[in-house]
Each structure stands twice: as structure tokens, then as C-alpha cells.
Amino acid sequence: MQQGTLGEVGEFGLIKVLTGGLPRTPAVQVGPGDDAAVVAAPDGRVVATTDVLLEGRHFRRDWSTAYDVGRKAAAQNLADVAAMGAAPTALLLGLVAPADLSVTWAGELMDGLRDECQVAGAAVVGGDVVRGDTIMVSITALGDLQGRAPVTRSGARPGDVVAVAGWLGWSAAGLAVLSRGFRSPRAFVEAHRRPEPPYHAGPAAATLGATAMMDVSDGLVADLGHIAAASGVHIDLRAERFDVPAQMADIGHAVGVDPMQWVLTGGEDHALVATFPPDADLPARWRRVGQVLKAATTPDGGRVTVDGAPWTTAGGWDHFGD
Ligand SMILES: Nc1ncnc2c1ncn2[C@@H]1O[C@H](COP(=O)(O)OP(=O)(O)OP(=O)(O)O)[C@@H](O)[C@H]1O
Ligand SMILES: Cc1ncc(C[n+]2csc(CCOP(=O)(O)O)c2C)c(N)n1
Ligand SMILES: [Mg+2]
Ligand SMILES: [Mg+2]
Ligand SMILES: [Mg+2]
């Protein structure tokens with residue numbers, strides 16, 4: 001990796017570092033280096049999504065390496081593509097960074113983006129760099145529905161089952177550990193630094209007949225609230241269906257937090273939650289955690305309960321909440 005700071009190598013030196021070692025995938029017809037990338041969309045439609053990560057709010061450089069931030073930034077966006085039932089194809093990076101940032105940090109961020117894209121079958125195809133006071137990583141991701149209908153938030157129907165693929169509460173438990181100045185247990189801290197969304201479960205869920213789907217970014221209760229509202233239904237979760245690993249329970253005990261709080265309202269694991277018709281033949285990776293109960297009586301009046309009772313604290317992260 002090149003030595004020095006962004007200020008020393010300049011904009012085009014930085015772009016050279018960032019775009020130097022990027023692999024191509026068959027979908028990428030023109031990659032970084034021209035005015036725009038060209039990505040094949042054999043389906044005739046493109047799934048497009050964007051999410052921003054800001055230093056201090058989404059990550060801290062003393063908690064996560066540049067490589068971790070890259071993995072997480074890519075994961076958060078690629079999970080949104082998968083949550084539509086699409087296969088991720090391409091990712092673009094908008095990077096705001098101070099001139100005294102090391103070129104190594106920027107290069108390792110790109111390594112993380114590249115490697116997470118590889119897990120999901122996508123490739124980095126372009127971006128932009130701008131000087132600013134705080135590091136901001138703005139990602140755009142594209143995906144291919146491969147001929148399937150998109151799985152939106154609005155298709156859940158009374159009688160459907162609610163099922164989850166992927167981790168819940170691990171990132172929140174890791175954040176609780178880091179916030180208290182600890183670096184272990186490693187499994188949870190690692191889950192916070194590098195979430196592992198079940199990308200392939202997204203397109204698979206579409207094929208299995210999922211009626212609605214989301215990735216869990218803010219917290220399961222809050223995110224299911226979006227499906228409930230968009231679909232105009234009530235959703236009930238069964239607390240006993242959630243697995244609280246013994247180590248998570250131990251951390252909860254140590255820091256005085258009910259670990260179910262992390263499982264039900266913790267964000268950033270990017271699990272997929274979907275609703276399926278009751279007779280769907282779900283593989284084991286989809287854990288049944290609840291049911292779509294009935295249609296809401298008012299438009300947008302859908303809500304989420306746990307064991308029949310409203311969830312009393314915040315159901316998840318809200319950037320402009322308290
Ligand atoms: N600034 C914006 N301009 C236009 N649309 C927006 C803007 N912010 C959010 N949206 C849209 O609102 C919807 C919900 O956004 P939200 O960011 O909550 O979803 P998400 O990306 O799945 O979740 P998260 O950001 O927690 O990962 C998305 O369709 C998103 O494109
Ligand atoms: C330093 C630091 N402090 C707090 C958090 C927790 N956090 C930040 S954003 C978010 C929800 C998802 O964000 P978005 O809705 O933007 O996708 C959560 C749970 C963190 N990751 N790092
Ligand atoms: Mg978003
Ligand atoms: Mg999402
Ligand atoms: Mg959010």
C-alpha cells in the first residue's frame with residue numbers, strides 16, 4: 001500500500017490507489033476509469049439503493065479498522081439489494097475524507113468493500129472522492145432481480161408466517177461491549193464490526209414465495225413496523241422463538257441489559273426478515289418467529305406486538321429520535 005496522506009498523493013493519486021486492484025465480474029462491462037460504469041441488467045430492471053455511514057455515528061476509528069468499515073458499509077447496502085429478492089451486482093463509493101487521512105486507511109477501506117462485494121457476488125464499479133472534515137462513506141448498490149418480482153414491504157397478508165434468516169442482537173451486544181470500553185467477547189465485537197447478512201437467502205426467499213421482506217438495520221420490532229404499516233397488517237412475534245446464546249445472556253447480565261432487548265430492537269446485523277404464506281416449505285435457515293395476524297383497521301395502522309403485547313420501549317434505532 002502507498003505511504004503518505006491523501007493531501008500528499010492528491011485526488012488522482014487517491015483514485016489510482018482505490019481503483020487499482022479491483023476485480024471485474026461478468027456483469028461489469030465498463031468499470032472504474034470512465035465517466036460512468038456500465039453494468040449489465042439482463043433482467044431489464046435495476047434494483048438501486050443507497051446508505052451513508054458517518055464517522056462518530058456509524059463507526060469509530062478506535063473501534064473498527066478501515067477494512068471493517070469497508071466490509072460493513074458494503075454489507076449494509078448489499079443487504080438492502082438482497083432484501084428486495086435481488087442478486088447484488090455493483091457498488092459505488094462516495095468518500096469524504098480529511099487531507100491528513102493516511103492513504104493506507106483509504107486503501108484498506110476499499111479492500112473491505114471489495115471483499116464484501118465478493119461474498120455477495122458484486123463488484124465495486126466507481127465512486128467519487130471529496131475533501132471534508134469528517135469521514136463519510138456513501139454507498140450506492142445495484143442488483144439484478146433475475147426475472148423475479150421484487151419482494152416489497154407491502155405484500156404481507158393475514159395468516160402469513162414471519163421468519164428470520166441471519167443474526168439478531170449480535171451487533172447490539174458487540175456495541176454494548178465496545179461502548180463500555182471492552183474488546184471482548186470477540187464474537188459479538190466482530191459481529192458489530194463486520195455483519196454477515198445472509199445475501200443468498202434474499203433471492204431464495206423470493207423463489208420460496210416471500211410476500212414481504214426487509215433487512216434488519218434499525219431493529220426487528222421497528223423494521224417489522226415498516227412491513228406492518230406498508231402492508232396494513234398486525235404482526236405478532238413469539239418471544240420463545242428467539243434464540244439468546246448463553247454468552248449473550250452473560251453480557252446482558254454483566255451490563256444490566258435484558259438480551260431480548262438486543263435481539264428484538266438491535267440494528268446492524270442485517271438479518272433478513274420476511275413473511276411467507278403459511279404453507280411455504282421453508283429451509284432450516286429461516287426461523288419462524290411470528291405471525292401476520294390481521295388487517296389493520298386504519299390505513300398505515302399496522303403494528304407489531306410481542307406475545308400479544310405492544311413493545312413499550314423504542315423498537316430500534318432512529319437517527320433523529322432521542
Ligand atoms: N433522503 C432521501 N431521499 C429519498 N428517499 C429516501 C431518503 N432517505 C430515505 N429514503 C427512502 O426511504 C425508504 C426508507 O429508508 P431507510 O433508510 O429507512 O431504509 P433502509 O436503507 O432499508 O434502512 P437503513 O438506512 O436503516 O439501513 C427507502 O426507500 C429510501 O430509499
Ligand atoms: C460509533 C457508533 N455508535 C452507535 C452505533 C449504533 N448505530 C449507529 S447507526 C445504527 C442503525 C443503523 O444505521 P442506518 O439507519 O443509518 O443504517 C446503529 C444501531 C454505531 N454503529 N457506531
Ligand atoms: Mg437507508
Ligand atoms: Mg433495509
Ligand atoms: Mg435506519
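Just above, that's the structure.
A brief report on the enclosed structure follows. (Residues numbered from 1 in each chain as written. Chains lettered and ligands numbered in written order. Predicted model: local features only at pLDDT ≥ 70, side-chain atom pairs only at ≥ 80, totals over all residues.)

Neighbouring residues of ligand 2: Asp51, Arg57, His58, Phe59, Arg60, Gln76, Leu175, Ser217, Asp218, Gly267, Glu268 and Trp317. Of the residues in the shell around ligand 2, the class split is 3 nonpolar, 4 polar and 5 charged. Summarising the domain contributions, the shell around ligand 2 has at least three residues from each of domain 1 (9-15 + 24-144) and domain 2 (161-310). (Near = placed C-beta within 6 Å. Nonpolar A, V, L, I, M, F, W, Y, C, P; charged D, E, K, R; others polar. Domains from an automatic or database assignment.)

The sheet built from 4 strands is open, its strands ordered 3-6-4-5 with mixed pairing. Every other strand in the sheet has two partners, leaving strand 3 (47-54) and strand 5 (123-131) as the edge strands with one partner each. Neighbour-to-neighbour, the strand axes of this sheet turn through a mean angle of 15 degrees, independent of strand direction. As defined by bridge partners, strand 3 adjoins strand 6 (residues 136-144) across 8 bridges and the pair is classed as antiparallel. When the sheet's bridge partners are listed, Val47 is paired in strand 6 with Gly143. In this fold helix 3 (residues 103-120) packs onto strand 4 (87-97) and strand 5, with an angle of close to 165 degrees to the strand it touches most, strand 4. (Pairing = 2+ DSSP bridges. Helix = DSSP H or I, 4+ residues; strand = E, 2+ residues; numbered from the N terminus. Axes fitted to C-alpha atoms, helices over the stretch in contact; angles between N-to-C directions. Contact = placed C-beta atoms within 7 Å.)

As a further point, take the pairing of strand 7 (residues 161-165). Counting buried positions along strand 7 gives 4 out of 5 residues, so the element sits mostly inside the fold. Strand direction decides the pairing type here: strand 7 and strand 10 (residues 272-276), joined by 5 bridges, are antiparallel. The residue of strand 10 that forms the bridge with Val162 is Thr275. (Buried ≥ 20, exposed ≤ 12 C-beta atoms within 10 Å, placed from the backbone.)

If you trace the backbone, Pro42 turns up in the loop between strand 2 (38-39) and strand 3. The class for Pro42 is exposed, based on 11 C-beta atoms found within 10 Å. Separated by 16 residues in the primary sequence, Pro42 and His58 have C-alpha atoms spaced 34 Å apart.

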